[in-house]
Amino acid sequence: SLDAMSGDLGAEVVVHAAAATLLKYRNVELRLVGNQTELQSLVSRIIGDNPRLQIIHASEVVEMAEPPVDALRKKKDSSMRIAINLVKEGQADACVSSGNTGALMATAKFVLKTLPGIYRPAIITELPAKGGSLHMLDLGANPDCTADNLVQFAVMGSVIASDLHGTERPRVGLLNIGEEDIKGTDEIREAQLRLGGAPINYTGFVEGDKIFS
């Protein structure tokens, strides 16, 4: 499901992205969520008829500067909320939105919940590195984290790297101001102790200049 209305650049870029996705991945079906009239016009011009694309109407849009709590409580018919609801209802396997990150994380956590043993969602991205790529998280969903959160993020990142990207036993490091055990905050040092016994290939602290190697 694609939240077609949120984001800085409007619905047209999302429809172009949908067109590229349908062309590249022949087994993917898309639900385009947003204003029916606007989306129908864009789809007719950019994509045309495609049985793998369905438009689902939403009457509201979450604005980029809108407080997450307001988006969650007051805009239950937003394109973002409906796109996430489709995942909960089993009509979509995943939701993509380029909208208000805080609202997206709050709504997803409220509607979809988290997996058992996971307290908070995290933002992850793939970055280029020597010999391939790396995955880094959390990149902005949580301003502060407990040791529990950091351990959970490590496990989540390891699963993403192995299951979605085929990396066998991905190495996991914990970003810190130094590699020595005495460095870092209490939370980071506590996470270091717990990660040593976690079911992942944990390699220890990583300094900023070692991220891409």
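Scroll up to find the structure this text is about.
Please read these numbers as outputs of a predicted model, since none were measured by experiment.

Undergrad: What's the story with helix α1 (residues 11-24) in this structure? I'm lost.
TA: The periodicity of an α-helix, 3.6 residues per turn, causes residues three or four places apart in sequence to face the same way. For α1, with 14 residues, the first-to-last C-alpha span of 20 Å sits near the 20 Å given by 1.5 Å per residue. When we look at burial in α1, the residues that qualify are Ala11, Val14, Val15, Ala18 and Leu22. One side of α1 carries all its buried residues, which in axial view fall inside an arc of 100 degrees. Opposite the buried face of α1, at more than 90 degrees from it, the exposed residues are Leu23 and Lys24. Those residues of α1 hidden inside the fold are in contact with β1 (2-3), β2 (30-34), α2 (36-46) and β3 (53-57).

Undergrad: What is the right way to read the packing of α1 against α2 from this model?
TA: Think of two packed helices as two axes; the pair is described by the angle between the axes and how far apart they sit. Contact geometry of α1 with α2 gives a least axis separation of 10 Å together with a crossing angle of 45 degrees. Taken together, the axes of α1 and α2 are oblique relative to one another. Seen along the crossing, α1 lies across α2 with a hand that is right-handed. Residue-level contacts link Ala11, Glu12, Val15, His16 and Ala19 of α1 to Glu38, Leu39, Leu42, Val43, Arg45 and Ile46 of α2. When its residues are assigned to classes, the contact of α1 with α2 shows seven nonpolar, one polar and three charged.

Analysis parameters
Residues numbered from 1 in each chain as written. Predicted model: local features only at pLDDT ≥ 70, side-chain atom pairs only at ≥ 80, totals over all residues. Heavy atoms only, no water. Helix = DSSP H or I, 4+ residues; strand = E, 2+ residues; numbered from the N terminus. Expected span 1.5 Å × (residues − 1). Buried < 20%, exposed > 50% of the residue type's maximum accessible area, 1.4 Å probe, protein only. Arc of directions from axis to C-beta. Contact = heavy atoms within 4.5 Å. Axes fitted to C-alpha atoms, helices over the stretch in contact; angles between N-to-C directions. Parallel < 35°, antiparallel > 145°, perpendicular 65-115°, else oblique. Left-handed = near helix turned anticlockwise from the far one by under 90°. Nonpolar A, V, L, I, M, F, W, Y, C, P; charged D, E, K, R; others polar.

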